[in-house]
Amino acid sequence: NHRRTNTVHVSSIFVDDKLKHLCPQIQPFELRAANWTMHCLRALLVCTAAAAVAPVSRRSLLKTTGAAAVATPLAANAADKQPLLAAGTIAVPRVGFGLYKTAPEETKAAVALALEAGVRHFDTAAAYNNEAELGAALREGDTGENVFITTKVAATAGASARDAVAAAADRLKRAPDCVYIHSPLAPREKRLETWAALNEARREGLCRTLGAANCGLRHLKEFEIAGPAPALVQLELSPYNQRPAEVAWARGNRAVVTCAAWSKLSGAYNWGSDAAYKTLNAACKAHGATKAQILVRWALQRGFVPLPRSGVSDSVQRLAIAQNSLAGVEGWQLSAQEMRSLNQLEDRLASGRLGRADGWTADQVEGPDWDPTTYVD
C-alpha cells in the first residue's frame, strides 16, 4: 500500500547505533553486512514511495506499452464500464470506434487494434464502403456477438431502406444492432418514407433498433411522431458545439447520444480564442493526456458515447486507437472546474464554419452557418 510506504520513517533504516548498542558482540563484518542489507531496503522503499506519488502520463504509458497493456489499466472508473441503455433496454458500450473515412483496405487492421484495446462498439455506414471488412475483422477477432455494431442508410433511400438494411446485414454477416438514418437531407416526405422502411426492417429482425444521425430537433420530433422515436442520436458534438436542444430531446426520450468531432477539433488549429485554446491545453498538461483523450473524457463525463476514429498508416495513428479507447482514458477524471471550463467553450460551431464538407457536398454546404441539424426541405 503506497500510503503506508510513504509513512515509513527513514530513521528506522539507519541501524548502526542501535545494532552497536543492542549487540555489542557483533563483529565488524557482520555489522557491515547488516548495514548493506538495510541500505538496499532503504533504496527499495524510497523508489517505491517515489513511484507511488509520481503522476503517470497516459500518453507516455501508451507510447511504451501499446494497446495490450492499456487494455488492462491499473485503475478504472466503474461507472465508465457500465453501458448506457438505449430506450431502457439496449446496452450501448461507453466508447466506440468510428470507421468514417477508413479505407476498406485499412479497416481490418484498424478494427484489430481497436479490439486489442478492448473496444466493443463499432460505427460504420453504407456510404463508408467498409461494412464487409468490419464484419470480416470481427469474425477473425473471434468476438462472437459480444460487439455492438451500428450502420447507416441514406435518408433518400425511401421504401428501399428495408432492403438496404438487409444488404448491410449480408455484408456484415450479422444483423446490426442499430441502423441510423444517416442525415435529414431529403424532402420531408422521403425522409419519413425512409424511416417507415427502416422500422419495417426492425420489425423483421434485420436490426435491433433505429437511430438518427446528424438530425436536428425538428427532425427528431418528426421521427418521434411517426414512431418509433430514435433510440440513438448521433451528432457532431464537442465543447465547441454542444447542441443542447437535441441532447435534451434525447434525454427526455431515453435515447443514447453518440458523438464524434469529425472536424478534428483535437488538432493544432485554434477554433476559438487563445483563452479557449489554452483551456484544452491546460487540461492536457494536468493529466498527461492528448487533446483527443481530453475530448473523449469530456464526452464520457457528459453522459455521451464518444466515437473516436483513427487510421493505421503510421505509428501515431495506430497508437491513437488505443489512446482513445475506454481503457486509454480510465482511472482519472476531469475535475468539476475543468468540466466547467470546457463547457464554457460553447460556440455553436456549425459545420459550414469548419471550412470543409466532411461528407456533405459543396452544393449542400451553403455558407458558414450551414449545419445538417438545421436543414429545412
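For clarity, every value in this text was computed on a predicted model and none was experimentally measured.

> Help me understand the overall build of the protein, please; the structure alone is not making it clear to me.
What the protein contains, in helices and strands, is 15 helices and 10 strands. Looking at the 377 residues of the protein, the share that counts as buried comes to 47%. Taking as baseline every contact in the protein between residues at least 6 positions apart, the subset at least 24 positions apart corresponds to 74%. When the accessible area of the protein is evaluated, it comes to approximately 18,200 Å², of which 55% is carbon and sulfur surface.

> Looking at this structure, how should I read the packing of aromatic side chains?
Aromatic ring pairs are defined here through the distance separating the ring centres and the angle between the ring planes. Inspection of every chain in the model, using the stated rule, returns four aromatic pairs. Between phenylalanine 97 and phenylalanine 122 the ring centres are 6.2 Å apart and the planes differ by 75°, which places this aromatic pair in the edge-to-face class. A residue pair is termed long-range when its members are at least 10 positions apart, and phenylalanine 97 in strand 3 (residues 97–98) and phenylalanine 122 in strand 4 (residues 121–123) qualify at 25 residues. As far as the burial class goes, phenylalanine 97 and phenylalanine 122 line up, both buried. Here the aromatic rings of tryptophan 195 and phenylalanine 223 are separated by 4.5 Å at their centres, their planes lie at 20°, and the arrangement is stacked. Pair noted here: tryptophan 195 is in helix 9 (residues 188–203) and phenylalanine 223 is in helix 10 (residues 217–226), with a separation of 28 residues, a long-range link. Like phenylalanine 223, tryptophan 195 is buried.

> Would you mind going over the sheet that holds strand 4 with me for this structure?
Think of a sheet as strands paired side by side through backbone hydrogen bonds, with each pair either parallel or antiparallel. Overall, parallel pairing links the eight strands, which are arranged 3-4-5-6-7-8-9-10 in an open sheet. Strand pairing shows two members of the sheet lacking a second neighbour, strand 3 and strand 10 (305–306), which therefore form its edges. Examined bridge by bridge, strand 9 (residues 256–260) and strand 10 share two bridges and lie parallel to one another. Each residue of the ladder has a partner; that of threonine 258, found in strand 10, is valine 305.

> Got a minute to help me understand the nonpolar core in this structure?
Side chains of a nonpolar character, in soluble globular proteins, are inclined to be buried together. Of all hydrophobic cores here, the largest spans 50 residues; its most connected members are Val165, Ile181, Leu198, Ile294, Phe304 and Leu334. Top contributing element to this core by residue count: helix 13 (residues 291–301), with six residues. Sequence-distant contacts of leucine 334, that is, excluding residues within four places in its chain, are made with Ala283, His287, Ile294, Arg297, Trp298, Gln301, Met339 and Leu342. Among the nonpolar cores identified, the runner-up in size contains 16 residues, and Phe97, Val111, Leu115 and Ile149 belong to it.

> In this structure, what is going on with the confidence of the model for the protein? I would like to understand it.
The predicted coordinates should not be examined in detail at positions where pLDDT is low. In the predicted model, the protein carries a mean pLDDT of 80, and 75% of its residues have values of at least 70. A low-confidence stretch, residues 1–76 (pLDDT under 50), is modelled with 57 contacts involving residues beyond four sequence positions or located in other chains.

> I keep staring at the pairing of strand 8 (residues 232–236) and nothing clicks. Help me out?
Consecutive side chains of a regular strand alternate in pointing toward one face of the sheet and then the other. Extensive coverage of strand 8 is indicated by the burial of five of its five residues. Taking every second residue as pointing to the same face, both faces of strand 8 are buried, with Leu232, Gln234 and Glu236 on one and Val233 and Leu235 on the other. In this sheet, strand 8 lies alongside strand 7 (residues 209–213) in parallel orientation, the contact comprising three bridges. Paired with alanine 213 across the two strands is glutamine 234, which belongs to strand 8. In the classification by handedness, the crossover that spans strand 7, the intervening helix 10 and the parallel strand 8 is right-handed. As paired strands, strand 8 and strand 9 are joined by five bridges and run parallel to one another. Looking across to strand 9, one finds that glutamate 236 is bridged to alanine 260.

Thresholds, definitions, all that
Residues numbered from 1 in each chain as written. Predicted model: local features only at pLDDT ≥ 70, side-chain atom pairs only at ≥ 80, totals over all residues. Heavy atoms only, no water. Helix = DSSP H or I, 4+ residues; strand = E, 2+ residues; numbered from the N terminus. Buried < 20%, exposed > 50% of the residue type's maximum accessible area, 1.4 Å probe, protein only. Contact = heavy atoms within 4.5 Å. Areas by Shrake-Rupley, 256 points an atom, 1.4 Å probe, with all protein chains shown as cover. Phe/Tyr/Trp six-rings, centres within 6.5 Å; stacked < 30°, edge-to-face > 60°. Pairing = 2+ DSSP bridges. Core = buried A, V, L, I, M, F, W, Y, C linked by side-chain atoms within 4.5 Å. pLDDT = per-residue confidence, 0-100. Right-handed = clockwise from strand over helix to strand, strands pointing away.

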